[in-house]
Amino acid sequence: MSGITNNNTPPTANTNRDNNELTQQKSARAVAFYQNNLELADPLQLQINRPQQLGSSSARSALQYARTTQISLTLQQQLATLDPAQFRITTNPNFYPPASATIGASGIFTIVNGNVYIFTGAGTFSISGRAAVIDVLVVGGGGGGGGSWVGGGGGGGGLVYATNVTVQPSSNTVTVGNGGAGGAFQKRGSTGQDSSFLSYTGFGGGGGGADGGSETNGGNGGCGGGRSWAGTTAGTGSQGGNGGGPVSGSPIGGGGGGMGGSATNQVGAPGLANSITGSSVFYSGGGGAGSDTTGAAGGSGGGGRGGNVYESYNSAWNGTANTGGGGGGAAGGTAQPGGNGGSGVVIIRVVST
């Protein structure tokens, strides 16, 4: 019969050419069908609608094309569940994900070494295209030093450090906490504000206790505030060290706690060193206590020195900005406040995109 090839007869060159042309035509139709009906908006989500009838041969061609080219296992599975005569698939033309993630940032920040974002104020850090791997350092604001007569040092801000964190495409808020205000006469220093990014939060440091009145004890925080000369209890640190109390016979307050440990006397406790920026930097040191002689030193990591009566009846130092250092305790007359705590910081290092 015409049009039927004898299986025992080797195909001729013309027959092979005709079969190749027929195969090419079918493939071209299948490709055209796929291009017209499969636009990939999200490679993980296929939107399947059935408002119109499509020929079963075209539908089966599309199914076969999807199978033979292994476009997507999800696509194959979803096509296989449909009536081949009734379906239409719309997807996104960007089927394949980009080769790397795109990083964006806004707000108050600087970039160092091309991949380290240092936020010293509020902002946004975004990732698009695909996931990225980052390291994160979050430091809360330091606590304010206690008010005169001789106040305790403010506690350092709490510090959180996480490495190799995988972040999916998203836009994420960056919050940087301010340092707590130094306490006025007979007032405890204010607690520093929290800093946060993703699920990581560095709590503000506790304020130093004031000498006299009802606020003589150190405040609790990321690191605890030191008690005043008149206080009985130093503040407790939830992420770092506790505040301290005086050990000398001279009127003097206790140092603030730091991320490197608790204060054991009037000196502010040390903070922690971190090299996320490429250089080793100390953060979250405790503030030194005020004294009627010589103000105590603040801890490494931005802790402010305590005031003393021999330098204008105060001179309590503020904690260093963007380190989370605690403020120094006040000393001297009734108008002398404690030092302000240093503001916090959020630092993000992009490891890979």
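Just above, that's the structure.
No experiment lies behind these values; they were computed from the predicted model shown.

Engineer: So what exactly am I meant to see when it comes to the overall build of the chain here?
Structural biologist: Within the chain, the secondary structure is distributed over three helices and twelve strands. Buried positions account for 47% of the 353 residues belonging to the chain. Considering only intrachain contacts with a sequence separation of at least 6, the fraction spanning at least 24 residues in the chain is 56%. Summing over all exposed atoms, the chain offers an accessible surface of approximately 15900 Å²; the carbon and sulfur share of this is 49%.

Engineer: Whenever I open this one, the nonpolar core confuses me. Can you help?
Structural biologist: Nonpolar side chains in soluble globular proteins generally cluster together in the buried interior. In terms of nonpolar packing, the biggest core is built from 18 residues, with Phe119, Phe125, Ile134, Val174, Phe197, Val346 and Ile348 touching the most fellow members. Listed by contribution, the elements that provide at least two residues to this core are β4 (116-128), β5 (132-139), β6 (159-167) and β12 (345-352). Counting eleven residues, the second largest nonpolar core, distinct from the first, contains Ile118, Val139, Leu159 and Cys223.

Engineer: Just checking my understanding: could you explain unusual backbone geometry for this structure?
Structural biologist: Phi is mostly negative for residues that are not glycine, and the peptide bonds are mostly trans. Omega for the peptide link from serine 148 to tryptophan 149 comes to 20 degrees, which places this bond in the cis form. Checked against the element boundaries, tryptophan 149 lands in the loop between β5 and β6. The phi dihedral of leucine 198 falls on the positive side, at around 55 degrees, and the residue is not glycine. Residue position: leucine 198 is located in the loop between β8 (195-197) and β9 (200-202).

Engineer: Would you mind showing me how to read the pairing of β5 here?
Structural biologist: Regular strands have side chains that alternate between both faces of the sheet. The buried count for β5 comes to eight of eight residues, which makes it a mostly enclosed element. A two-sided burial pattern is seen for β5, the buried positions comprising Ala132, Ile134, Val136 and Val138 on one face and Val133, Asp135, Leu137 and Val139 on the other. As defined by bridge partners, β5 adjoins β6 across seven bridges and the pair is classed as antiparallel. Looking at β6, one finds that valine 133 is bridged to threonine 166.

Engineer: Help me understand the side chain of serine 195 in this model?
Structural biologist: Examined against the element boundaries, serine 195 turns out to sit in strand β8. Accessibility expressed as a relative area gives 0% for serine 195, which makes it buried. For serine 195, the side chain forms a polar contact with the main-chain oxygen of valine 139, separated by 2.7 Å.

Engineer: How should I be thinking about the packing of aromatic side chains in this particular structure?
Structural biologist: For any pair of aromatic rings, geometry is given as the distance between the ring centres together with the angle between the planes. Using the criterion set out here, one finds four aromatic pairs in the structure. Where phenylalanine 109 meets tyrosine 117, the ring centres are 6.2 Å apart and the plane angle is 35 degrees; that geometry is what we call tilted. The buried category is assigned to tyrosine 117, whose relative accessible area is 10%. Between phenylalanine 125 and phenylalanine 197 the ring centres are 6.0 Å apart and the planes differ by 85 degrees, which places this aromatic pair in the edge-to-face class. Of the two residues, phenylalanine 125 is situated in strand β4 and phenylalanine 197 in strand β8; the sequence distance between them amounts to 72 residues. Phenylalanine 197 matches phenylalanine 125 in its accessibility class, with the two residues each being buried.

Engineer: Would you mind showing me how to read the pattern of salt bridges here?
Structural biologist: Where charged atoms from two side chains of opposite charge approach closely, those side chains can pair. All told, the structure shown has one salt bridge when counted by the stated rule. Across the salt bridge formed by aspartate 135 and arginine 349, the nearest N and O atoms sit 2.6 Å from each other. In this pair, aspartate 135 sits in strand β5 while arginine 349 sits in strand β12, placing the two residues 214 residues apart along the sequence. Under the relative-accessibility criterion, aspartate 135 is labelled buried at 5%.

Engineer: Can you help me understand the pairing of strand β7 (residues 170-175) in this one?
Structural biologist: Bridge count between β4 and β7: five bridges; the pairing is antiparallel. The residue bridging serine 126 from the neighbouring strand is serine 171, located in β7. In terms of strand pairing, β7 meets β8 through two bridges, oriented antiparallel. Its bridge partner lying in β8, valine 174 is registered against phenylalanine 197.

Engineer: It is not clear to me how the environment of asparagine 274 should be interpreted in this structure. Could you clarify?
Structural biologist: Locating asparagine 274 in the fold gives a position in strand β10 (residues 272-274). In this structure the C-alpha to C-alpha distance between asparagine 274 and leucine 137, which are 137 residues apart in sequence, comes to 8.6 Å. Among all residues touching asparagine 274, those that are not within four sequence positions of it are Leu137, Tyr161, Ser279, Ser280, Val281 and Tyr283. A polar side-chain atom of asparagine 274 sits 2.8 Å from the main-chain amide nitrogen of isoleucine 276.

What counts as what
- Residues numbered from 1 in each chain as written.
- Predicted model: local features only at pLDDT ≥ 70, side-chain atom pairs only at ≥ 80, totals over all residues.
- Heavy atoms only, no water.
- Helix = DSSP H or I, 4+ residues; strand = E, 2+ residues; numbered from the N terminus.
- Buried < 20%, exposed > 50% of the residue type's maximum accessible area, 1.4 Å probe, protein only.
- Contact = heavy atoms within 4.5 Å.
- Areas by Shrake-Rupley, 256 points an atom, 1.4 Å probe, with all protein chains shown as cover.
- Core = buried A, V, L, I, M, F, W, Y, C linked by side-chain atoms within 4.5 Å.
- Pairing = 2+ DSSP bridges.
- Polar contact = N/O pair within 3.5 Å; in protein donor to acceptor, adjacent residues only side chain to side chain.
- Phe/Tyr/Trp six-rings, centres within 6.5 Å; stacked < 30°, edge-to-face > 60°.
- Salt bridge = Lys/Arg side-chain N within 4 Å of Asp/Glu carboxyl O.

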